[in-house]
Amino acid sequence: AFFPNTGSFILLSIYAIGILLAILMARLFSRFLVKGDDIPFVMELPNYRLPGLKNVGHLLWDKAKDFLQRAFTIILLGTIIVWVLKNFDIHFNLVKNASESILAVIASVIAPIFEPMGCADYRIITSLVSGFLAKESVVSTFTVLFGPGDAIASVIGIASGAALLVFSLLYTPCVAAIAAIRRELGRLWALGIALGQCVIAWLFGVLVYQIILLFL
């Protein structure tokens, strides 16, 4: 929708940004937050062999079943909630214009935060908020709010589109990931990591937006 002629390059850039930032954050954490000597660890790797069709089939089925379970639970539930919020106002009257809906009221409170990224449209904010349930639901929420196709490209331009991609890449992956961090490291770590990821995502989103604007 945003980069019809350079999609492959943009996708590769997104992967590169994620890898570089992961390395950078690991270095920062090991130097300032998680200090101490490295524990020596040696693990013997098994011999590599071509996988059998049965094993591949089991693996594919497990992955497909996992996605379908999430698609028909968290993602579907999130999509239904977004649809309801989009079509009713605060008095639960059916609205013809989504800008008068509960969704627009909620998103308008958060909109100033995303203004420096050029992504202050309530539909974009709603899609990003839904990503806290599951990152995959960002796309389904876009479809509910903008309709199928590339209608979103008529709302935000190249600079804000790139900022949106970077923000989506870097902000908190989902509630399940934060719950796993809380279980392993505690509540403060989980809260700190969630807030830190959102702040880092916002900073890089604004940076990308401003840099691209300089060249347009």
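For the structure, see preceding data.
Think of each chain on its own: its residues are numbered from 1, step by step along the sequence as written. For this predicted model, a pLDDT threshold of at least 70 governs which residues receive local features, and a threshold of 80 or more governs which side-chain atom pairs are given and counted, while totals over whole chains, interfaces and linings are taken from all residues. With hydrogens and water set aside, each side-chain value is computed from the structure's full complement of heavy atoms.

Draft legend 1. How the structure looks around the nonpolar core. Among the nonpolar cores identified, the biggest contains 34 residues, and Ile124 and Leu164 are the most heavily contacted of them. Among the elements of the structure, α1 (7-33), α3 (102-114), α4 (122-130), α5 (137-146), α6 (158-170) and α8 (187-215) are those that each provide at least two residues to this core. If you tally residues by element for this core, the top one is α6, at seven residues. We call two residues contacting when some pair of their heavy atoms lies within 4.5 Å. Here Leu164 is in contact with Phe2, Met117, Cys119, Ile124, Leu128, Phe142, Ile152 and Ile156, once residues within four sequence places are set aside. Among buried residues, those of type Ala, Val, Leu, Ile, Met, Phe, Trp, Tyr and Cys that are joined through side-chain atoms within 4.5 Å constitute a nonpolar core. Under the scheme applied here, a residue whose accessible area is under 20% of the maximum for its type counts as buried, over 50% as exposed, and between as partly exposed, the area being computed with a 1.4 Å probe on protein chains only. Runs of E in the DSSP output that reach at least two residues are strands. Runs of H or I that reach at least four are helices, and both are numbered from the N terminus.

Draft legend 2. Spatial organisation of α6. Between its terminal C-alpha atoms α6 stretches 19 Å, which fits the 18 Å expected from 13 residues at 1.5 Å a residue. For α6, the tally of buried residues reaches ten of 13 residues, placing the bulk of the element in the interior. Among the residues of α6, Ala159, Ser160, Gly161, Ala162, Ala163, Leu164, Val166, Phe167, Ser168 and Leu170 are the ones counted as buried. Next to the buried residues of α6 lie α1, α3, α4, α5 and α8. Multiplying 1.5 Å by the residue count of a helix minus one yields the expected span of that helix.

Draft legend 3. Structural detail: unusual backbone geometry. Even without being a glycine, Phe92 presents a positive backbone phi close to 60°. Tracing the backbone through its elements, the reader meets Phe92 in the loop between α2 (53-87) and α3.

Draft legend 4. Main features of the state of the cysteines. Cysteine sulfur pairs qualify as disulfides if the two atoms are within 2.5 Å. Here the structure, examined in full by the defined rule, presents zero disulfides. The cysteine Cys119 is free of any disulfide, with Cys198 supplying the nearest cysteine sulfur at 15 Å. Taking relative accessible area as the criterion, Cys119 reaches 0% and is therefore assigned buried.

So far we have only geometry, and geometry alone does not tell us how the molecule works.
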